[in-house]
Amino acid sequence: MRVAPILVLVAEEISTQMILGNEGKMEKRLLNVKELSKYLAMPVPTIYTYVSLGRFPEGCVRRVGRALKFEKARIDRWISESGTS
């Protein structure tokens, strides 16, 4: 039996977005623009500007179809590195 390609992509996206946190709870690995805006306390237009200017670290931003997704671990590392320099 062949699985439709879109179902495979959806299943892969769900599995890559979720990882187990320290307490065994599911934690998001990829954030969308609104979630990143709330997480960084940064306006959504500023996030789009940062993306277009390449201000986020390499490999931090992923395109999933037309949507932008952000690697939470890389965002956290970027914040901690920028705070120490």
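Residues numbered from 1 in each chain as written. Predicted model: local features only at pLDDT ≥ 70, side-chain atom pairs only at ≥ 80, totals over all residues. Heavy atoms only, no water.

Trainee: Explain the nonpolar core here, please?
Mentor: Nonpolar side chains tend to gather and get buried jointly when the protein is soluble and globular. Within the largest apolar cluster, 10 residues are counted, these being Leu31, Val33, Leu36, Met42, Ile47, Phe56, Cys60, Leu68, Phe70 and Ile75. Of all the secondary structure elements, the ones that give two or more residues to this core are helix 2 (33-40) and strand 5 (67-71). With near-sequence residues (within four places) excluded, leucine 36 lies in contact with Leu31, Ala41, Ile47, Phe56, Phe70 and Ile75. (Core = buried A, V, L, I, M, F, W, Y, C linked by side-chain atoms within 4.5 Å. Buried < 20%, exposed > 50% of the residue type's maximum accessible area, 1.4 Å probe, protein only. Helix = DSSP H or I, 4+ residues; strand = E, 2+ residues; numbered from the N terminus. Contact = heavy atoms within 4.5 Å.)

Trainee: What's the story with the pairing of strand 4 (residues 61-64) in this structure? I'm lost.
Mentor: Looking along a regular strand, one sees the side chains alternate between the two faces of the sheet. In the sheet, strand 4 pairs with strand 5 via four bridges, with the strands oriented antiparallel. Counted as the bridge partner of valine 64 is alanine 67 from strand 5. (Pairing = 2+ DSSP bridges.)

Trainee: Honestly, the pattern of salt bridges in this entry has me stumped. Any pointers?
Mentor: When the charged atoms of two side chains lie near each other, side chains of opposite charge can form a pair. With the rule as written, the count across this model stands at three salt bridges. Between arginine 62 and glutamate 71 there is a salt bridge; the shortest N-O distance is 3.4 Å. Given the relative accessible area of 7%, glutamate 71 is considered buried. Aspartate 76 is paired through a salt bridge with lysine 72; the nearest N and O atoms lie 3.2 Å apart. Within this pair, aspartate 76 and its partner lysine 72 are both found in helix 4 (residues 72-84), separated by four residues, close to a single helical turn. Note on aspartate 76: relative accessible area 27%, which makes it partly exposed. Exposure remark for lysine 72: the relative accessible area of 19% places this residue in the buried category. Each of Arg29, Arg62 and Glu71 takes part in salt bridges that share partners, so that together they form one network. (Salt bridge = Lys/Arg side-chain N within 4 Å of Asp/Glu carboxyl O.)

Trainee: Honestly, unusual backbone geometry in this entry has me stumped. Any pointers?
Mentor: With glycine set apart, most residues show a phi of negative sign, and most peptide bonds adopt trans. Its identity is not glycine, yet alanine 41 carries a phi of approximately 55°, on the positive side. Here alanine 41 falls in the exposed class, since its relative accessible area comes to 72%.

Trainee: So what exactly am I meant to see when it comes to the sheet that holds strand 3 (residues 30-31) here?
Mentor: The pairing of strands in a sheet happens through backbone hydrogen bonds and is either parallel or antiparallel. Across the sheet, which stays open at both edges, the three strands sit in the order 3-5-4 with antiparallel pairing between neighbours. Each edge of the open sheet is held by one strand with a lone partner, namely strand 3 and strand 4. Strand contacts of helix 3 (residues 44-53): strand 4 and strand 5, with the helix running at about 85° to strand 5, the strand carrying the most contacts. (Axes fitted to C-alpha atoms, helices over the stretch in contact; angles between N-to-C directions.)

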